[in-house]
Amino acid sequence: DRSYNDPKPQVLTWRPVAEDGVQLLSVQHEAYDGLARRRNIAFIQEKFFVIVDEVSGPASGRLTLRNCLGPGELTEIANGNYLYRDGDAGLCVAVSGPEGSTVSVDKDWFSEAFKEKALRPVIRLDVPRSQEAASQIFVTVLYPFCGENTPEITIKNNTDLYIDSQYYNIEC
């Protein structure tokens, strides 16, 4: 019997010193019975983060990936691309999921102090999963910025990333 309070993650890669401008952490754990989740977090050129979540295994049902933000304002600027602002701080968030996935924005509660709660925006990706499904990949790009110069982010086929026309390959 396994306690889901301790998913026993396995560190696959830990590269805190950049190689070719990329710092990388890769972990894997059994998310649920019959479903393994691998998360790769890359810090690219000390400018932005790319998070690639890959799920595999015979489990079926609905997969949901939630990107929870702070108490700021979230605006959709393109399909799957969002602008998040909290005061002077800005964050471009781009999300992409497997074929058949839907993107929506929810709100949920968070707390910064005891007995206080506030709403925050959540970017949500949902996709059905059958027992026969191959691995399914979700990509999230987090690009912090200040001022009004927001980067243009495009994710194609969950493997190709373009930021202001600069190409990055993001295969797992």
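Please refer to the structure higher up on the page.
Bear in mind that the values here come from a model prediction, so they are computed numbers and not experimental data. (Residues numbered from 1 in each chain as written. Predicted model: local features only at pLDDT ≥ 70, side-chain atom pairs only at ≥ 80, totals over all residues. Heavy atoms only, no water.)

Participant: Honestly, the pairing of strand β12 (residues 153–156) in this entry has me stumped. Any pointers?
Facilitator: Each regular strand shows side chains that alternate between the opposite faces of the sheet. Every second residue of β12 is oriented toward a common face, the buried set being Ile-153 and Ile-155 and the non-buried set Thr-154 and Lys-156. The sheet contact formed by β12 and strand β13 (residues 160–163) spans 4 bridges and is antiparallel. The partner of Thr-154 across the bridge, within β13, is Tyr-162. Here β12 hands over to β13 after 3 residues, with Asn-157 in that stretch at a positive phi of 55 degrees. (Buried < 20%, exposed > 50% of the residue type's maximum accessible area, 1.4 Å probe, protein only. Helix = DSSP H or I, 4+ residues; strand = E, 2+ residues; numbered from the N terminus. Pairing = 2+ DSSP bridges.)

Participant: What exactly am I supposed to notice about the packing of aromatic side chains here?
Facilitator: Two numbers describe a pair of aromatic rings. These are the distance of the centres and the angle of the planes. One pass over the full model with this rule turns up 3 aromatic pairs. On the numbers, 5.2 Å between centres and 15 degrees between planes, the contact of Phe-48 with Tyr-143 is stacked. Of this pair, Phe-48 sits in strand β4 (residues 48–56) while Tyr-143 sits in strand β11 (residues 136–146), placing them 95 residues apart in sequence. Residue Phe-48 shares its accessibility class with Tyr-143, and that shared class is buried. One aromatic cluster in this structure is built from Phe-48, Tyr-143 and Tyr-168. For Lys-117, the ring lying beneath its charged end belongs to Trp-109, and the centroid distance is 4.4 Å. (Phe/Tyr/Trp six-rings, centres within 6.5 Å; stacked < 30°, edge-to-face > 60°. Lys NZ or Arg CZ within 6 Å of the ring centre and 35° of its normal.)

Participant: Sorry, what's going on with the sheet that holds strand β9 (residues 102–110) here?
Facilitator: What holds strands together in a sheet is hydrogen bonding between their backbones, with the strands either parallel or antiparallel. An order of β5-β10-β9 is seen for the 3 strands of this open sheet, with the pairing classed as antiparallel. What marks the edges here is a single partner per strand, and that holds for β5 (61–68) and β9. Between one strand and the next, the sheet's axes are offset by a mean angle of 35 degrees, whatever the strand orientation. Alignment of β5 against strand β10 (residues 118–129), held across 8 bridges, turns out to be antiparallel. Paired with Leu-63 across the strands is Val-127, a residue of β10. (Axes fitted to C-alpha atoms, helices over the stretch in contact; angles between N-to-C directions.)

Participant: So what exactly am I meant to see when it comes to the pattern of salt bridges here?
Facilitator: A side chain of one charge can pair with a side chain of the opposite charge if their charged atoms are brought near each other. Evaluated as defined, the whole model comprises 8 salt bridges. Among the salt bridges present, the one from Asp-53 reaches Arg-39, with a minimum N-O distance of 2.7 Å. In this pair, Asp-53 sits in strand β4 while Arg-39 sits in strand β3 (residues 35–44), placing the two residues 14 residues apart along the sequence. With relative accessibility at 2%, the residue Asp-53 sits in the buried group. A relative accessible area of 26% places Arg-39 in the partly exposed class. In this structure, Arg-124 and Asp-126 form a salt bridge, with 2.7 Å as the shortest nitrogen-oxygen distance. (Salt bridge = Lys/Arg side-chain N within 4 Å of Asp/Glu carboxyl O.)

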